[in-house]
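What follows is each chain in one-letter form.
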Amino acid sequence: MADQTEKKYITKEDLSKHNTPGDLWIAIQGKVYDVSDWIKSHPGGEALIVNLAGQDVTDAFIAFHPGTAWHHLNSLFTGYHIGDSQVSEISRDYRRLAAEFRKLGLFEKKGHVTLYTLAFVAALFAAVLYGVLACTSVVAHQIAAAILGLLWMQSAYIGHDSGHYVIMKNKSYNKFAQLLSGNCITGISIAWWKWTHNAHHLSCNSLDYDPDVQHIPVFAVSSKFFNSMTSRFYDRKLTFDPLARFLVSYQHFTYYPVMCFGRINLFIQTFLLLFSKREFPDRALNLAGILVFWTWFPLLVSCLPSWPERFFFVLTSFTVTALQHIQFTLNHFAADVYMGPPTGNDWFEKQTAGTLDISCTSYMDWFFGGLQFQLEHHLFPRLPRCHLRKVSPVVQELCKKHNLQYRSLSWWEANVWTIRTLKKAAYQARDAANPVVKNLVWEALNTHG
């Protein structure tokens, strides 16, 4: 350490030593901050800071935080600066672009997307009630089920938007929008979503840190999962046992059927979090919201005249919603993956490597929630979705300038890429070079290759 022009300096190596619980330092624009005690108050959760501690996190901080967050840093300043800090040309361009968007007011100009979507959700809900309660036709009931699936998709976009930035008049109304669109309408806890989604954004497509690519025993996007790696997010071993090998070996066939029932997994994950010992904000409100969902949804289904109709009503609604589950996996399953924690000095590169865009005409933006521009969203998660299409050409130019991939595929192409990725891993799982004790079912199905 040395004094230069009355400033105290430390090296990046000194900073890297402060990366353990109780001793967590980060650097933002050359200044060093001690977040050891503040971490429990971090709205985005503890994991994000723990994973990036001991590093320069400027790009990630810019991506996730509004301008009002900067003044909170003053009380955390250690008095030290990074003496050997170097900013890559890519980071310079990324920060410059974020500053331009901020000057243009893009982060604040949300348009009327929220109002339109809420009105649409209300209209869809009314249509569902009419179809179930006022109609006796089986066809009408199935149409109502499909509308319910579409409703869940649109409501999820509201929950997603409100989780990234304030879409309502103030934070209190914003929290209400989160609980209503997430817990009450879709049955998925906004607390669970924030916990996993923030980690996904930070460690995009890290096999051991990103929960959105950790689907053992059902799916594996990489053969590296065959080594029974430890999930640093869930803090448990992802065991690749005979059952996992069997399921993964046929994942390119089971992908779409599993997606139709993917909602069940989200319900389970919600309950696992809500009834766990893990601390998270607003547990009571989250539980109350889930109770609302599990009151109206079973009551609605019970109004149908027979059990077969009830079964197919639920199946149809889940199948329609599966389109959204498929969309989000298309954005990442066929993209590049890596091992290890996220790092603060390659934010732009990691986001471009781990995401795929889905190209479509502008009139389909409402259907995809704007999130078909997945790369743009990952680079600027606080940018309202109404601007993602507008900034896409600028992002493409930046990728081209730095020789980074910008992949925008049609819906069909994205499906082909994803199935190809799953098929490759499936064949690798069958390979005897990855020996696992095989059960009788496995032997019977693979006797003739």
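Along each chain, residues carry numbers from 1 onward, in the same order as the chain's sequence is written. Per-residue local features are limited, in this predicted model, to residues with pLDDT of at least 70; the limit for side-chain atom pairs, both in listing and counting, is 80 or more; totals at the level of whole chains, interfaces and linings are taken over all residues. By convention in this description, side-chain values take in all heavy atoms of the structure and omit both hydrogens and water.

A. Examining the UniProt feature "transmembrane region" (unreviewed entry) in the chain more closely. Cross-referencing UniProt, the feature "transmembrane region" (unreviewed entry) maps to residues 113-133, 139-158, 179-195, 255-275 and 287-307 in the present numbering. Strands here are runs of E lasting at least two residues and helices are runs of H or I lasting at least four, both read from the DSSP assignment and numbered beginning at the N terminus. The distance separating the terminal C-alpha atoms of residues 139-158 is 29 Å; by composition the span is 100% helix and 0% strand. Taken end to end, residues 287-307 comprises 81% helix and 0% strand; its first and last C-alpha atoms sit 28 Å apart. UniProt positions are given in the numbering used here, feature names are shortened, and annotations may be inferred rather than shown by experiment.

B. Here's a closer look at the pairing of strand β6 (residues 77-82). Strands are labelled as partners when DSSP assigns at least two bridges between them. In the sheet, strand β2 (residues 7-10) pairs with β6 via three bridges, with the strands oriented parallel. Bridged to Tyr9 within β6 is His81. In the sheet, strand β5 (residues 31-34) pairs with β6 via two bridges, with the strands oriented antiparallel. Note that in β6 the partner of Tyr33 across the bridge is Phe77.

C. A look at helix α5 (residues 113-133). A rise of 1.5 Å per residue sets the reference length of α5, with its 21 residues, at 30 Å; its end C-alpha atoms lie 30 Å apart and thus fit the reference within 8%. Along α5, the residues classified as buried are Thr114, Thr117, Val121, Leu124, Val128, Gly131 and Val132. Viewed end-on, α5 has its buried residues packed into an arc of 115°, placing them on one side of the element. Seen from the buried face of α5, the exposed residues on the opposite side, beyond 90 degrees, are Leu115, Tyr116, Tyr130 and Leu133. Contacts are assigned to residue pairs that have any heavy atoms within 4.5 Å of one another. In the core, the buried residues of α5 are packed alongside α6 (138-164), α7 (171-186), α12 (283-302) and α13 (307-330). Expected helix span is computed as 1.5 Å times (number of residues minus one). Per-residue accessibility, obtained with a 1.4 Å probe over protein chains only, is compared with the maximum for each type, and a residue is labelled buried under 20%, exposed over 50%, and partly exposed between these values. Taken from the helix axis, the directions to the C-beta atoms give the arc we talk about.

D. Examining the side chain of Thr418 more closely. Structurally, Thr418 can be placed in helix α18 (residues 411-430). Its relative accessible area of 0% is what places Thr418 among the buried residues. Definition of a polar contact: a pair of N or O atoms within 3.5 Å, with one able to donate and the other able to accept a hydrogen when the atoms are protein atoms, and with sequence-neighbouring residues admitted only if both atoms are side-chain atoms. In terms of polar contacts, Thr418 uses its side chain to reach the backbone carbonyl oxygen of Ala414, at 2.9 Å.

E. Structural view of the environment of Tyr256. Relative to the elements of secondary structure, Tyr256 occurs in helix α10 (residues 251-260). Residue classification places Tyr256 among the partly exposed residues on the basis of a relative accessible area of 32%. In sequence terms Tyr256 and Leu409 are 153 residues apart; their C-alpha atoms lie 19 Å from each other. Setting aside residues up to four positions removed in sequence, Tyr256 forms contacts with Ile326, Asn415 and Ile419. A polar side-chain atom of Tyr256 sits 2.6 Å from a polar atom in the side chain of Asn415.

F. Seen up close, the side chain of Asn331. Inspection of the secondary structure puts Asn331 in the loop between α13 and α14 (347-353). Filtering out sequence-adjacent residues up to four positions away, Asn331 remains in contact with Gly354, Thr355, Leu356, Ile358, Leu371, Gln372 and Gln374.

G. Representation of the domain arrangement of the chain in the model. Here the chain is partitioned into domain 1 (8-86) and domain 2 (112-338). Note: domain ranges come from an automatic or database domain assignment. Domain 1 and domain 2 are separated by 33 Å when their C-alpha centres are compared. With six residues of domain 1 at the contact, the number on the domain 2 side is five residues. In this assembly, domain 1 packs against domain 2 so that about 580 Å² is buried in total across both faces, 74% of it on carbon and sulfur atoms. Note on definitions: buried area is the accessible-area loss of two parts on being combined, 1.4 Å probe, summed for both.

H. Representation of the packing of aromatic side chains in the model. Side-chain rings of Phe, Tyr and Trp, where Trp is taken by its six-membered ring, are said to pair if the distance between their centres is within 6.5 Å; with planes under 30 degrees apart they count as stacked, over 60 as edge-to-face, and otherwise as tilted. Tallying each qualifying case throughout the model produces 35 aromatic pairs. Ring geometry for Trp195 and Tyr234: centres 6.1 Å apart, planes at 85°, overall edge-to-face. Placement of Trp195 in helix α8 (residues 190-202) and of Tyr234 in the loop between β7 (230-231) and β8 (236-237) is noted, with a sequence separation of 39 residues between them. A relative accessible area of 21% means that Trp195 is categorised as partly exposed. Overall, the relative accessible area of 22% leaves Tyr234 in the partly exposed class. With centroids separated by 6.4 Å and ring planes inclined at 35°, the aromatic side chains of Phe271 and Trp294 adopt a geometry described as tilted. Of the two residues, Phe271 is situated in helix α11 (residues 262-274) and Trp294 in helix α12; the sequence distance between them amounts to 23 residues. Residue Trp294 is classed as partly exposed on the basis of its relative accessible area of 33%. For a lysine, the NZ atom is tested; for an arginine, the CZ atom; a charge sits over a ring if that atom is within 6 Å of the ring centre and within 35 degrees of the ring normal. Taking the ring centre of Phe77 as reference, the NZ or CZ of Lys31 above it sits at 5.2 Å.

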